[in-house]
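# A structural walkthrough
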Amino acid sequence: MKSGHVFVPGAPFENKWYRIESLVRRGLPGLQITGLASGREISRRLYLALYVLGLQNRAIALNVSPVLKFTATDYLDLALIAAICRAEFPQCPLFRLPARRICFLGQVSLSGEVHHPGGFLEKCLQCQRLGVQSIVCAPLDKESRAIFPQIDFLPIETIKDLPTLHPQKTKPETTVQAFPARPAIEELSHLRLSREVWRAAILSLAGFHHLLLIGPPGTGKSSLARSLSGLLPEPALRERQEILAIHGDEAPPARPVRMPHHSASLAGLIGGGNPPEPGEVTFAHNGLLILDELAEFQGAALQALRETFDTRKASISRARHRMHFPARFLCIATTNPCPCGRRGSKNRCLCSPARSLHYLRNIIGPLSDRIALEVRVQKSAHDVPLDGIEARSGLLRAWARQKERFSNKETIFFNSDIPGEEVDQYCSIDHLCADIHVDAILKGFQGSRKLIETRRLARTIADLAGAAGIEKEHFLEAASFQCLKEYSAL
Ligand SMILES: [Zn+2]
């Protein structure tokens, strides 16, 4: 009796090891798989493939532990075969590597050919996070190999090659620049807006702070939100890997931009289904989520959105399992101030105060506390175009400072990513508290989440100004971007 084992990653973005154990002995020929939701179907298929390796006369048992409840398991074929090979051909050069340093990812046909499974890049990302050095898979093009420069990809075309495969290094020859540089400040040249709105937009982009644009219809809120997508910074390598893992072959050429309609269901926006599928917040991961007419979205969807703001994940619970998809994005939302849209403008609003308040009920409070920038958009004779040169140089300076500051952090890219418990370290305002004015503002926040958002925003304002620490003027400016409260007081 011979035995062996290999390790594989599990459900999407789970970053957890599963162990496949094999037992090969003489006896009634057959292949049994336990610990897998679709074990019976896979065993029938793989048993035929075993003819290629001449192992069809063995009694083979495979077990996956812990039990893998996730159902899309076609990526496991090659690992299951590898576990059998590890028991049968222990001298194979591949198995000299520690089991957690090599991973087998592939779908195997009846004739033993190896193909890339669905979600291949997502599995590669999990392998990288779990510390894998080599991945055995179907041949990969140069561009795909360049996405994961730390991993050696060992290509095989059929499982017949598995016992003789050597773990030699096959580094990519060139690093391919998958995404082009982003130009496009010119896209904003047609817009005329107030200086305050432009400032809020630039601050939002500079530190990835969520932005809420409030104003009557026709004031350019939506076109501003859409045009800002052209100014997003280049994704870092780790961000790009995640974008490709989520979108696969349909990955956008830069950061993703998603614009779900306000009639989107909870499942459409956050994710759902069985097995769970990602929603718009995950497709916008590392990119821009534009929510036009925020007040019109379903209450349940907005509540779930609030949770993704906090955790940067979309959590979907099902009877059999719970899944977490990544959902870290810049949200730019727009809303009318009331159902008729005219409140606060020169035109007469026809809505009662109670009706206006009811309209904004799902936004004011817990959701708006997580949005750093609220700004009123109104047409005025003083509206100006954006000073593109100044905006671009400010943004580049702020992004460079954040890149340097968070260079040794795995999950922080921008000031808005600073976790609550690290805000004191990065966004210290203690020395400002003696000031009566700042003190009064701080008391007004009453320890709310808004204060944390404001401090992160103040850090970005200081970065744009090239200041080392947060100064009084930075904090006061950050605290000034709140106008939603005024609507609730009307
Ligand atoms: Zn109104």
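Note that the structure is predicted; figures quoted are calculated from it, not measured.

## Re the overall build of the protein chain
Counting its regular elements, the protein chain contains 17 helices and 18 strands. Counting only C-alpha atoms and orienting by the principal axes, one finds that the protein chain spans roughly 85 × 45 × 45 Å. Classification of the 490 residues of the protein chain by burial places 44% in the buried group. Across the protein chain, the fraction of contacts at a sequence separation of at least 24, relative to all contacts at a separation of at least 6, is 74%.

## Side note on unusual backbone geometry
Cis rather than trans, the peptide bond between S65 and P66 has omega equal to -10°. Mapped onto the secondary structure, P66 falls in strand 4 (residues 59–68). We note that N286 has phi near 65°; this positive angle belongs to a residue other than glycine. Phi is positive for E293, close to 60°, though the residue is something other than glycine.

## Comments concerning the domain arrangement of the protein chain
Taken as a whole, the protein chain is organised into domain 1 (2–164) and domain 2 (185–406). Taking only C-alpha atoms into account, the centre of domain 1 sits 41 Å from that of domain 2. With 13 residues of domain 1 at the interface, the matching set in domain 2 holds 12 residues. Class assignment for the residues of the side of domain 1 that touches domain 2 results in nine nonpolar, two polar and two charged.

## Observations regarding the packing of helix 12 (residues 388–405) against helix 15 (residues 449–465)
Running from amino to carboxyl end, helix 12 crosses helix 15 at an angle of 115°, the nearest separation of the two axes being 8 Å. Here the hand of the crossing between helix 12 and helix 15 comes out right-handed. Residues G394, R397, A398, R401 and Q402 of helix 12 touch helix 15, and the partners they reach there are T460, D463 and L464. The residue makeup of the contact of helix 12 with helix 15, split by class, is two nonpolar, three polar and three charged.

## Brief notes about the nonpolar core
With 140 residues, the main nonpolar core has A79, I81 and L373 as its most contacted residues. Top element by residues in this core is helix 2 (residues 77–88). It accounts for nine residues. When residues of this core are sorted by domain, at least three fall in each of domain 1 (2–164) and domain 2 (185–406). Apart from residues no more than four positions distant in its own chain, I81 is found in contact with L46, A49, V108, I159 and L162.

## Quick notes on the sheet that holds strand 5 (residues 102–104)
The three strands are arranged 5-8-9 in an open sheet whose pairing can be described as parallel. A strand with exactly one partner marks an edge of an open sheet, and here the two such strands are strand 5 and strand 9 (152–155). Neighbour to neighbour, the strand axes of the sheet diverge by 20° on average, direction disregarded. Of the pairings in the sheet, the one linking strand 8 (residues 134–137) to strand 9 comprises four bridges and is parallel in character. Its bridge partner being in strand 9, S134 is matched across the sheet by D152.

## Some remarks on the environment of A295
Among the secondary structure elements, A295 is positioned in the loop between strand 14 (288–291) and helix 10 (299–311). Residue classification places A295 among the buried residues on the basis of 22 C-beta atoms within 10 Å. Linking A295 and I156, residues 139 residues apart in sequence, is a C-alpha distance of 53 Å. Once residues within four sequence positions are removed from consideration, A295 is found in contact with T335, N336, Y359, L360, N362 and I363.

## Description of the sheet that holds strand 1 (residues 2–9)
The mixed open sheet is built from four strands, whose spatial order is 1-2-4-3. Strands at the two margins of the open sheet, each flanked by one partner only, are strand 1 and strand 3 (30–36). For this sheet, the mean inter-axis angle between neighbouring strands, taken without regard to orientation, is 15°. In this structure, strand 2 (residues 17–25) lies alongside strand 4, joined through seven bridges in antiparallel fashion. Paired with L23 across the two strands is A61, which belongs to strand 4.

## Some words on the packing of helix 3 (residues 120–129) against helix 7 (residues 237–247)
If you want to describe how two helices pack, look at the angle between their axes and the distance between the axes. As a packed pair, helix 3 and helix 7 sit with axes 6 Å apart at the nearest point and diverge in direction by 140°. It follows that helix 3 is oblique to helix 7 by the angle criterion. At the point where helix 3 passes helix 7, the crossing takes the left-handed sense. Every residue of helix 7 that contacts helix 3 at L121, E122 and L125 is listed here: Q241, E242, L244 and A245.

The rules behind each value
Residues numbered from 1 in each chain as written. Predicted model: local features only at pLDDT ≥ 70, side-chain atom pairs only at ≥ 80, totals over all residues. Helix = DSSP H or I, 4+ residues; strand = E, 2+ residues; numbered from the N terminus. Buried ≥ 20, exposed ≤ 12 C-beta atoms within 10 Å, placed from the backbone. Contact = placed C-beta atoms within 7 Å. Domains from an automatic or database assignment. Nonpolar A, V, L, I, M, F, W, Y, C, P; charged D, E, K, R; others polar. Axes fitted to C-alpha atoms, helices over the stretch in contact; angles between N-to-C directions. Left-handed = near helix turned anticlockwise from the far one by under 90°. Core = buried A, V, L, I, M, F, W, Y, C linked by C-beta atoms within 7 Å. Pairing = 2+ DSSP bridges. Parallel < 35°, antiparallel > 145°, perpendicular 65-115°, else oblique.

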